[in-house]
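# What the coordinates show
Residue strings, one per chain:
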Amino acid sequence: MATEAPAHGGYLDILRAPHAARLLTGTLVGRLPNGTGPVAMTLFVRDQGGSYTLAGGLIAAYGVANAVGQPLLGRAVDLKGQPRVQLPAAVLSALGMALFALTGIGHLPLAYAAVVLAGFFTPPLEGGLRALWPSVLGREDRVHRAYALDAVAQEVMFTVGPLLVTLLVALRSPAAALLVINVLGVLGALAVVLSEPSRAWRSAPREAHWLGALRSPGLLALLGSFFFVGLALGSITVSAVAYADERGTPGVYGWLMAALGLGALAGGVLYGARQWSGAPERRLRGLVLLLAVCYLPLLLTPGPAAMTGLSVLSGVFLAPALACAFVVVDRHAPRGTVTEAFSWLVTTFGVGAALGSAVAGPAVELAGTVTGFAVAAAGGLVAFLVLLATGRALRVTPDPGAGTVPAAPAGPGDAARHADPGGVPEAVHTEKNAR
């Protein structure tokens, strides 16, 4: 069930909260190096005379290192705090990419070492932001809307970021683009870690366990599902290239990807504009099912204009599914592991996307473009089936005392504003905001 959000509870209400706009903007800018890395690295390698195969190998090394580093750095943030991990990691990542930009591909072991350094130390700003929202916004409904805003902002970043790289390449060179993007990344991380919420944030006490966040059955179920959501998205990327080549119009690829992003943007805006009741785990199953259903029409592979429309449709439920997944992660992350848990979601989604690209390539070559889009539809369906099969694990929410703290009102007059319609103060699963 959904109701329209009141005027004071919309996105502007989120952005007007102290520190919110700074944290969101700083996180998006800080993530530019990671979001634009594959594009910038490909252009740089080609400018150096390298092959697409070499570019793919370097990007794969960067991606694997990133997948390994994100949950480890996320756990370090939970243990040590944000400034002591995020900023040094951002600097080390930027130094790795600067080494790659300045030394080029003449000495391949050094090139691979540089991109591995850059990928591994990519700061977990995405998970860190979601850990900060409860202490910044307080009320549960505002935190959930911030998750939707976060998902929408990601679509904007993945649209604007490659355009910025292209502009920098046109004005200067691919090496300059790599350097500038990574300097911006450090500045974004700096803006976040110097903010009062980031400096004040402390993780809740955690149980010493080598599995960390992965000891939660509900979180494992969610990660299993979103691995296949990532697989579906990765296969669409490759299949769209094949579709454009098949039609003899390479430029169509850009339109299809932009259309998918537009659909996700629109879906995220509409999703966040409403207040949702009921268990988010149940709502997530519905959203992932709708996401899978919307992948099916892509198998028709009509003309470019119709295919662009279908691409918009295929993206509509992506941002809402991600926003709802953020809520589910927050509910199931064991005490003291929230940043690590969000980082695992980023890693799992990314690994799934990489595998989707790897699977769709041979599928397209062996059986045509339609088969590539069939991989996407199958990935979406399996993601739904995983959520369906693990319903029991997702129904088991951790002991409220283990990871939920009430949103503390600033004064007696705030109690009513922090209460739900039944008069019970709202609570959010959040980490301790200790000074």
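Structure: see above.
Let me begin by describing the structure that accompanies this report. (Residues numbered from 1 in each chain as written. Predicted model: local features only at pLDDT ≥ 70, side-chain atom pairs only at ≥ 80, totals over all residues. Heavy atoms only, no water.)

## Remarks on the overall build of the protein chain
The following threshold applies: Helical segments are the DSSP runs of H or I of at least four residues, strand segments are the runs of E of at least two, and each set is numbered from the N terminus. Exposure categories follow from relative accessible area, calculated using a 1.4 Å probe and restricted to protein chains: below 20% of the type maximum is buried, above 50% is exposed, and the middle band is partly exposed. Here the accessible surface of atoms and residues is derived via Shrake-Rupley with a 1.4 Å probe, and residues count as covered only by protein chains that are part of the display.
From N to C terminus, the protein chain includes 19 helices and four strands. Taken across its 435 residues, the protein chain has 51% of its residues classed as buried. Just so you have it, the protein chain exposes about 18,000 Å², and 70% of that area is on carbon and sulfur atoms.

## Some points on the pattern of salt bridges
This is how it is decided: A carboxyl oxygen of Asp or Glu within 4 Å of a side-chain nitrogen of Lys or Arg is what we treat as a salt bridge.
All chains considered together, the criterion is met by three salt bridges. Close ionic contact of Glu-126 with Arg-31 constitutes a salt bridge, the shortest N to O distance being 3.2 Å. In this pair, Glu-126 is assigned in helix H7 (residues 125-137) and Arg-31 in the loop between helix H2 (20-30) and helix H3 (32-47), connecting sequence segments 95 residues apart. For Glu-126, a relative accessible area of 10% corresponds to the buried category. For Glu-340, the salt bridge identified is with Arg-75, shortest N-O distance 3.0 Å. You can see Glu-340 sitting in helix H16 (residues 338-367) and its partner Arg-75 sitting in helix H4 (residues 52-80), a full 265 residues away along the chain. The partly exposed category is assigned to Arg-75, whose relative accessible area is 23%.

## Comments concerning the packing of aromatic side chains
The line we're drawing: Classification of ring pairs rests on two measures: the distance between centres of Phe, Tyr or Trp rings, Trp counted by its six-membered ring, which must be within 6.5 Å, and the angle between planes, read as stacked under 30 degrees, edge-to-face over 60 and tilted in between.
A full pass over the atoms with the stated rule returns seven aromatic pairs. On the numbers, 6.0 Å between centres and 75° between planes, the contact of Tyr-147 with Phe-326 is edge-to-face. Of this pair, Tyr-147 sits in helix H8 (residues 140-171) while Phe-326 sits in helix H15 (residues 318-332), and the two are 179 residues apart along the sequence. In this pair, the class of Tyr-147 matches that of Phe-326, namely buried.

## Points about the nonpolar core
Put simply, the rule is: For the purposes of this section, nonpolar cores are sets of buried Ala, Val, Leu, Ile, Met, Phe, Trp, Tyr and Cys residues that join through side-chain atoms within 4.5 Å. The contact rule is simple, with two residues in contact once any of their heavy atoms fall within 4.5 Å.
Formed by 102 residues in total, the largest nonpolar core has its most connected members in Leu-58, Phe-100, Trp-133, Phe-226 and Leu-284. If you tally residues by element for this core, the top one is helix H11 (residues 217-247), at twelve residues. Every residue in contact with Leu-284, bar those within four places of it in the chain, is listed here: Leu-222, Phe-226, Ala-321, Cys-324, Ala-325, Val-328 and Leu-387.

## Brief notes about the environment of Glu-340
Overall, Glu-340 belongs to the buried group, its relative accessible area being 1%. Through-space distance from the C-alpha of Glu-340 to that of Leu-79 is 9.9 Å; in sequence the pair is 261 residues apart.

## Examining unusual backbone geometry
Even without glycine at this site, His-19 takes up a positive phi of about 75°. Mapping His-19 onto the fold places it in the loop between helix H1 (11-16) and H2. Residue classification places His-19 among the partly exposed residues on the basis of a relative accessible area of 31%.

## A short note on the packing of helix H5 (residues 83-103) against helix H6 (residues 108-120)
Cut-off, in case you're wondering: Angles shown run from 0 to 180 degrees and are taken between the N-to-C directions of axes, each axis being a line fitted to C-alpha atoms and, for helices, limited to the stretch in contact. Every angle not falling under 35 degrees, over 145, or within 65 to 115 is termed oblique; those three ranges are roughly parallel, roughly antiparallel and roughly perpendicular. Crossing handedness: left-handed means the near helix sits turned counterclockwise from the far one by under a right angle, and right-handed means the same turn made clockwise. When residue character is reported, Ala, Val, Leu, Ile, Met, Phe, Trp, Tyr, Cys and Pro are called nonpolar, Asp, Glu, Lys and Arg charged, and the others, Gly included, polar.
It is at 7 Å that the axes of H5 and H6 come closest, and there the two elements cross at 155°. With respect to each other, H5 and H6 are oriented roughly antiparallel. Between H5 and H6 the crossing geometry is left-handed. On the side of H5, the interface is formed by Leu-92, Ser-93, Gly-96, Met-97, Leu-99, Phe-100 and Thr-103, while H6 contributes Leu-110, Ala-111, Ala-114, Val-115, Leu-117 and Ala-118. When grouped by side-chain class, the residues that make up the contact of H5 with H6 number ten nonpolar, three polar and no charged.

## Observations regarding a nonpolar patch on the surface
We count it as follows: Patch definition: residues above 30% relative accessible area lacking any salt bridge, with like charges linked at up to 9 Å and the nonpolar side chains Val, Leu, Ile, Met, Phe, Trp and Tyr linked at up to 5 Å.
A grouping of Val-183, Leu-187, Leu-190 and Leu-194 is seen on the molecular surface, where their side chains present a nonpolar patch of about 340 Å² in accessible area. Examined against the element boundaries, Leu-194 turns out to sit in the loop between helix H9 (174-193) and helix H10 (196-200).

## Focus: the side chain of Thr-347
Stated formally: Any pair of nitrogen or oxygen atoms within 3.5 Å is treated as a polar contact; in protein, a donor-acceptor pairing is required on top of that, and neighbouring residues in sequence qualify only through side-chain atoms on both sides.
Along the polypeptide, Thr-347 turns up in helix H16. Owing to a relative accessible area of 8%, Thr-347 belongs among the buried residues under this scheme. Looking at Thr-347, its side chain comes within polar contact range of the main-chain oxygen of Ala-67, at 3.2 Å. What Thr-347 contacts, discounting residues up to four positions off in sequence, is Asn-66, Ala-67, Gln-70 and Pro-71.

## Things to note about H15
For clarity, the threshold we go by: In this scheme, a helix's expected span is set at 1.5 Å multiplied by one less than its residue total.
Between the first and last C-alpha of H15 there are 21 Å, a value that for 15 residues agrees with the 21 Å anticipated at 1.5 Å per step. Counting buried positions over the 15 residues of H15 gives 14, a clear majority of the element.

## A few points about H3
Quick note on the threshold: Bend at a residue means the angle formed by two fitted axes: the first through the 7 residues ending at that position, the second through the 7 residues beginning there.
In a regular helix each residue adds 1.5 Å, so 16 residues correspond to 22 Å; H3 covers 21 Å between its end C-alpha atoms and thus fits that length. Maximum bend of H3: about 50°, positioned at Pro-38. Turning to H3, its buried residues number three or more, namely Leu-32, Pro-33, Gly-35, Thr-36, Gly-37, Ala-40, Met-41, Phe-44 and Val-45. Gly-49, located one to two residues past H3, shows a positive phi value of around 90°.

The values are spatial; any link to function lies outside them.
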